[in-house]
Amino acid sequence: MELLKLENLSVHFQVRKGLFKTTPSKAVDGVSLSMNKGETLAVVGESGSGKTTLGRASLRLLKLTSGRIFFDGVDVTDLKDKELQRLRKRAQAIFQDPYSSINPFMSIREVLMEPLAIHKAAEGKEAEERVYKALADVKLTPEEEFAAKYPHMLSGGQRQRVGIARALILNPDYVVADEPVSMVDASSRAEILHLMRSLQQKYGITFLYITHDIASAKFFSDRIAVMYLGRIVELGSPNDVVKDPLHPYTQALIQAVPEPDPANRLHERKVIPGEPPTPTNIPKGCRFHPRCPSFMKSKCDVIDPSLAEVKPGHYVSCHLY
Ligand code: SF4
């Protein structure tokens, strides 16, 4: 059953160019996507691909330029105030930076109590119990001891566990995890990904996992969407996308990972030939054509390919198929 549907979503910004000029940046440009309840979808791409903007837009944290968002069958695109607050309770985020996303002056107990208070979800003894349960879920035990600590007393990995506990304490249906392990030390990354995967399965949460690392996407997700310059260029199961990639950009992403074992090679630096994408300068025709080894003159630089299903559940946007 479908939980989230994005229909032709676009988020364009004006970015400053020089002192007086601005130029449009098409961070997300006509993306349609749906997610079933309990599914984990990984969105993969280089920086500038629009994956973070897509995740934030799906939470209604950004103003849309166009398109619609449906959550549990309800159009939430234009929700305001109380109704939007209700959506926020059901849709949470885990951020990349565990250092800046937690208030350093609050104890872990206060950090976890805050969303319960904001959403009037629990108070008093019940709130305290939910804090301890959330800490036990993310394996920060003994719970009472961790609840009394302050963020500076925790390691980066432990802080990110607090970030996960804070996102899950409201029992959300949908969670966006934006590069949740990229700023955590290498030794804790696989452990934290395993923890998130097991909590996602335990509570049947619908997860949007945003990453630049296709190896961890394969390990963590049910489906993978590869984004390039604001568009999805390939979508399918990890087997389809990682084992049988069709889009030349996906193939380049995979070739850039020397060892696809997430425990060993998470977030290894990838080098893909050609200029990295800039959403302020989108080429005509296929957006990938200036970097594509299979580029066909007078076709790829003229006609913008659309995302088409080439076999059941496997979609690609490329003139080769
Ligand atoms: Fe390459 Fe052409 Fe396919 Fe674009 S449409 S990915 S340029 S082959």
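For the structure, check the block above.
Residues numbered from 1 in each chain as written. Predicted model: local features only at pLDDT ≥ 70, side-chain atom pairs only at ≥ 80, totals over all residues. Heavy atoms only, no water.

Visitor: Just to check I follow, could you spell out the overall build of the protein for this structure?
Guide: If you tally the helices and strands in the protein, you get 11 helices and 12 strands. Taken over the C-alpha trace, the protein has a radius of gyration of 20 Å; the compact-globule value for 321 residues is 20 Å, and the two agree within 12%. The dimensions of the protein, computed from C-alpha atoms along their principal axes, are 70 × 50 × 45 Å. The buried share among the 321 residues of the protein stands at 51%. For the protein, long-range pairs separated by at least 24 residues make up 66% of all intrachain contacts whose partners lie at least 6 apart in sequence. Summed over all atoms, the accessible surface of the protein reaches about 15,300 Å², with 52% contributed by carbon and sulfur. (Helix = DSSP H or I, 4+ residues; strand = E, 2+ residues; numbered from the N terminus. Rg over C-alpha atoms; globule rule 2.2 N^0.38 Å. Buried < 20%, exposed > 50% of the residue type's maximum accessible area, 1.4 Å probe, protein only. Contact = heavy atoms within 4.5 Å. Areas by Shrake-Rupley, 256 points an atom, 1.4 Å probe, with all protein chains shown as cover.)

Visitor: Even after reading the chapter, I still don't get the packing of aromatic side chains, so can you show me in this structure?
Guide: In this description, an aromatic ring pair is defined by two values, namely the gap between the centres and the angle between the planes. In the structure shown here, the tally under the stated rule is 6 aromatic pairs. Over the face of the ring belonging to Phe146 we find Lys149, whose NZ or CZ atom lies 4.9 Å from the ring centre. (Phe/Tyr/Trp six-rings, centres within 6.5 Å; stacked < 30°, edge-to-face > 60°. Lys NZ or Arg CZ within 6 Å of the ring centre and 35° of its normal.)

Visitor: Is there a simple way to explain helix 6 (residues 156-168) in this structure?
Guide: Owing to its 3.6 residues per turn, the α-helix brings residues three or four apart onto one side. With 13 residues, helix 6 ought to run about 18 Å at 1.5 Å a step, and its terminal C-alpha atoms sit 19 Å apart, in line with that. Counting buried positions over the 13 residues of helix 6 gives 12, a clear majority of the element. Within the span of helix 6, buried status applies to Gly156, Gly157, Arg159, Gln160, Arg161, Val162, Gly163, Ile164, Ala165, Arg166, Ala167 and Leu168. Contact partners of the buried residues in helix 6: strand 6 (91-94), helix 3 (108-118), helix 4 (124-137), strand 7 (174-178) and helix 7 (186-203). (Expected span 1.5 Å × (residues − 1).)

Visitor: What is the right way to read the side chain of Gln200 from this model?
Guide: Mapping Gln200 onto the fold places it in helix 7. A polar contact of 3.0 Å, which involves the side chain of Gln200, links it to the side chain of Arg197. Not counting the four nearest positions on each side in its chain, Gln200 is found in contact with Gly38, Glu39, Thr40, Ile205 and Phe207. (Polar contact = N/O pair within 3.5 Å; in protein donor to acceptor, adjacent residues only side chain to side chain.)

Visitor: Looking at this structure, I do not really get the pattern of salt bridges. What am I missing?
Guide: If the charged atoms of two oppositely charged side chains come close together, the side chains can form a pair. With the rule as written, the count across this model stands at 20 salt bridges. Each member of the salt-bridge network shares a partner with another, and the members are Asp29, Arg231, Arg287 and Asp304. (Salt bridge = Lys/Arg side-chain N within 4 Å of Asp/Glu carboxyl O.)

Visitor: Would you mind showing me how to read the site of the ligand here?
Guide: Around the ligand, the surrounding shell consists of His247, Pro248, Cys286, His289, Cys292, Ser294, Cys300, Cys318, His319 and Leu320. Tallied by class, the residues present in the shell around the ligand amount to 6 nonpolar, 4 polar and no charged. (Near = heavy atom within 4 Å. Nonpolar A, V, L, I, M, F, W, Y, C, P; charged D, E, K, R; others polar.)

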